[in-house]
Amino acid sequence: MRTLEEVQATLQIAKLKEEDLQNTVHCLSFGENVSSADYCLMELDDTLCKHIEAGQSLVIRGDKDERAVLCTGDKTYDLKIADTSNLLLFVPGCRTPDQLTNSQDSSHVVHTQIWGFCNSYWELRKQRPKLKKLKKLLMENPYEGPALGGQEENTENRYTMQDLLERIQASEEEIKTHLETIHACQIDGYWRVLDFDYEMKLLGHVTQLVDSESWSFHKVPLKTSLEELAPLEPRDMIEHCLNCYGRRFTENDEVFYALHADKVCRGLALMLLQNAVKFNLWEFQEVWQQSVPEGMSTRLDQLKSVALVDRTSNPETICLLRVEDLPEDTVERFNHLFTLREKWTEEDITPYIQDLCGEKQTTGALLTKYARSSMQNGIKVFNSRRPVVT
């Protein structure tokens with residue numbers, strides 16, 4: 001180990017003045033069997049530091065064929081290795097200059113051992129959760145209603161929340177939010193998405209009951225609904241349907257639901273469009289309005305991100321195009337959209353790229369980066385900046 005005299009001699013050779021330096025001199029030495037593979041470094045922002053200091057955990061998620069992400073309870077971060085030209089040393093107990101008090105008048109040597117070293121670290125960047133896989137997994141075995149007499153229910157490909165946390169690259173809060181978005185529910189401890197035809201069957205029972213009882217769709221009584229529909233479907237499925245398409249509230253200790261007109265109209269439109277490649281727009285609007293409960297009005301803006309209107313065709317048409325079915329990757333998403341249509345108006349394309357926006361990012365910024373604008377018949381349209389791969 002170096003002595004103070006050896007340190008002072010080294011300073012003279014380096015032509016450094018001792019009075020310009022701290023009185024405490026750290027002499028570093030490598031411990032036995034030190035390797036760069038012993039430790040990994042991760043750079044954390046203030047929010048994540050406080051998260052760790054509060055005793056919360058960070059979880060790395062991803063299958064073998066996926067790029068790993070890091071998740072807190074409610075956010076997802078991309079993990080990327082950043083190389084550095086400086087060697088990063090792990091020195092337990094080493095104090096930085098601002099931690100030294102210079103309480104000792106004379107110089108002294110502190111011998112410190114290096115536990116490990118690294119020339120790279122993990123860099124974190126907040127990103128959108130990867131949730132498309134969630135519905136894909138649940139659609140392996142959609143719930144089609146209670147098994148009929150003598151039939152056994154398919155118990156394969158069913159997932160608990162823990163199963164989903166191990167498979168989906170998103171935080172628990174983001175997964176729960178998306179489960180609500182896709183109208184999933186827990187059945188016998190497993191998260192299930194309803195078969196679309198079965199979901200529409202439930203909605204049909206509810207809307208027909210509202211019509212037959214002449215109730216306001218703003219005030220549907222839960223207790224009476226369950227009693228009337230119990231012979232047709234399980235009570236928890238009826239209540240789940242009301243939760244998906246309505247807002248729960250209590251009045252005089254009785255539970256009611258206010259059906260959300262936009263959600264009901266949207267669901268019935270999807271039912272009409274699911275089996276048609278293209279639908280005459282005028283005919284569709286006529287049939288659509290006739291299919292919704294009395295007192296509800298249909299509007300095309302209720303179908304943003306699920307259906308696409310073609311005003312250039314004769315006659316005008318509408319077809320099913322759900323944003324959830326599009327690629328999650330930004331480049332792939334734009335390529336797919338420009339494969340479907342060479343030129344898009346901003347109004348038409350915005351619902352299909354809104355979910356790609358990161359924090360403080362706008363759809364306008366995305367269009368500037370991935371599309372080229374031009375004027376067509378006095379209307380601004382966007383086409384691809386790069387050759388479209390079909």
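Use the structure listed above.
What you see is a predicted model, and the numbers here were worked out from it, not measured in a lab.

Conventions and cut-offs
- Residues numbered from 1 in each chain as written.
- Predicted model: local features only at pLDDT ≥ 70, side-chain atom pairs only at ≥ 80, totals over all residues.
- Heavy atoms only, no water.
- Helix = DSSP H or I, 4+ residues; strand = E, 2+ residues; numbered from the N terminus.
- Rg over C-alpha atoms; globule rule 2.2 N^0.38 Å.
- Buried < 20%, exposed > 50% of the residue type's maximum accessible area, 1.4 Å probe, protein only.
- Contact = heavy atoms within 4.5 Å.
- Lys, Arg positive; Asp, Glu negative; His and termini not counted.
- Charge placed at Lys NZ, Arg CZ, Asp CG, Glu CD.
- Axes fitted to C-alpha atoms, helices over the stretch in contact; angles between N-to-C directions.
- Parallel < 35°, antiparallel > 145°, perpendicular 65-115°, else oblique.
- Left-handed = near helix turned anticlockwise from the far one by under 90°.
- Pairing = 2+ DSSP bridges.
- Salt bridge = Lys/Arg side-chain N within 4 Å of Asp/Glu carboxyl O.
- Phe/Tyr/Trp six-rings, centres within 6.5 Å; stacked < 30°, edge-to-face > 60°.
- Disulfide = S-S within 2.5 Å.

Visitor: Kindly report on the overall build of the protein chain, identifying the contributing residues and their values.
Guide: Secondary structure summary: the protein chain contains 13 helices and 17 strands in total. Its C-alpha radius of gyration of 31 Å places the protein chain more than 25% over the 21 Å reference for a compact globule of 390 residues. In terms of its C-alpha atoms, the protein chain occupies a principal-axis envelope of roughly 100 × 60 × 45 Å. Looking at the protein chain residue by residue over its 390 residues, the buried ones come to 38%. Long-range pairs, those at least 24 residues apart, make up 64% of the contacts in the protein chain with a sequence separation of at least 6. Taken together, the 44 basic and 63 acidic charged side chains of the protein chain have centroids lying 6 Å from each other.

Visitor: Run through the packing of helix 6 (residues 196-212) against helix 7 (residues 222-229), naming residues and quoting values.
Guide: When two helices pack together, you describe them by how their axes are tilted relative to each other and by the distance separating the axes. Packing of helix 6 against helix 7 brings their axes to within 11 Å, and their N-to-C directions diverge by 110°. For the element pair helix 6 / helix 7, the angle class is roughly perpendicular. For helix 6 against helix 7, the interelement crossing comes out right-handed. From helix 6, His-205, Val-206 and Leu-209 reach across to helix 7, where they touch Ser-225, Glu-228 and Leu-229.

Visitor: Give a description of the pairing of strand 7 (residues 184-187) that names residues and reports values.
Guide: As paired strands, strand 7 and strand 8 (residues 190-193) are joined by four bridges and run antiparallel to one another. Its bridge partner being in strand 8, Ile-187 is matched across the sheet by Tyr-190. Count of turn residues in the strand 7/strand 8 antiparallel hairpin: two residues, of which Asp-188 carries a positive phi of about 55°.

Visitor: Lay out unusual backbone geometry in plain terms, naming residues and giving numbers.
Guide: Residues Asn-314 and Pro-315 are joined by a peptide bond in cis, for which omega reads 5°. Positionally, Pro-315 belongs in the loop between strand 13 (307-310) and strand 14 (317-320). Residues other than glycine seldom take positive phi values, yet Asn-157 does so here, at roughly 50°. One can find Asn-157 in the loop between helix 3 (132-138) and helix 4 (161-167). The class for Asn-157 is partly exposed, based on a relative accessible area of 39%. A positive phi angle, close to 75°, is found at Ser-305, a residue other than glycine. Structurally, Ser-305 can be placed in the loop between helix 10 (281-291) and strand 13.

Visitor: Any details on the pattern of salt bridges? Residues and values, ideally.
Guide: For the structure shown, the criterion picks out 17 salt bridges. A salt bridge links Asp-63 to Arg-167, with the nearest nitrogen and oxygen atoms 3.5 Å apart. Residue Asp-63 is located in the loop between strand 2 (59-61) and strand 3 (69-71), and its partner Arg-167 is located in helix 4; the two are separated by 104 residues in the primary sequence. You can call Asp-63 partly exposed: its relative accessible area is 25%. In this structure, Arg-125 engages Asp-78 in a salt bridge whose closest nitrogen and oxygen atoms are separated by 3.6 Å. With Arg-125 in strand 6 (residues 116-126) and Asp-78 in strand 4 (residues 76-90), this residue pair connects regions lying 47 residues apart in the sequence. Judged by its relative accessible area of 7%, Asp-78 falls in the buried class. Among the charged side chains, a network of salt bridges with common partners joins Asp-63, Glu-66, Lys-133 and Arg-167.

Visitor: I'd like a description of the packing of aromatic side chains, backed by residues and values.
Guide: Scanning the entire structure with this criterion turns up eight aromatic pairs. Geometrically, the ring pair formed by Phe-284 and Trp-288 is stacked, given 5.3 Å between the ring centres and 25° between the ring planes. With Phe-284 and Trp-288 both in helix 10 and four residues apart, this pair spans about one turn of that helix. The two residues Phe-284 and Trp-288 agree in class, both being buried. Feature note: the residues Phe-279, Phe-284 and Trp-288 constitute an aromatic cluster, connected by ring pairs.

Visitor: I'd like a rundown of the state of the cysteines, residues and numbers included.
Guide: For the structure on display, the rule yields zero disulfides. Counting only cysteine sulfurs, Cys-40 is the nearest neighbor of Cys-49, a cysteine outside any disulfide, at a range of 17 Å. Note on Cys-49: relative accessible area 29%, which makes it partly exposed.

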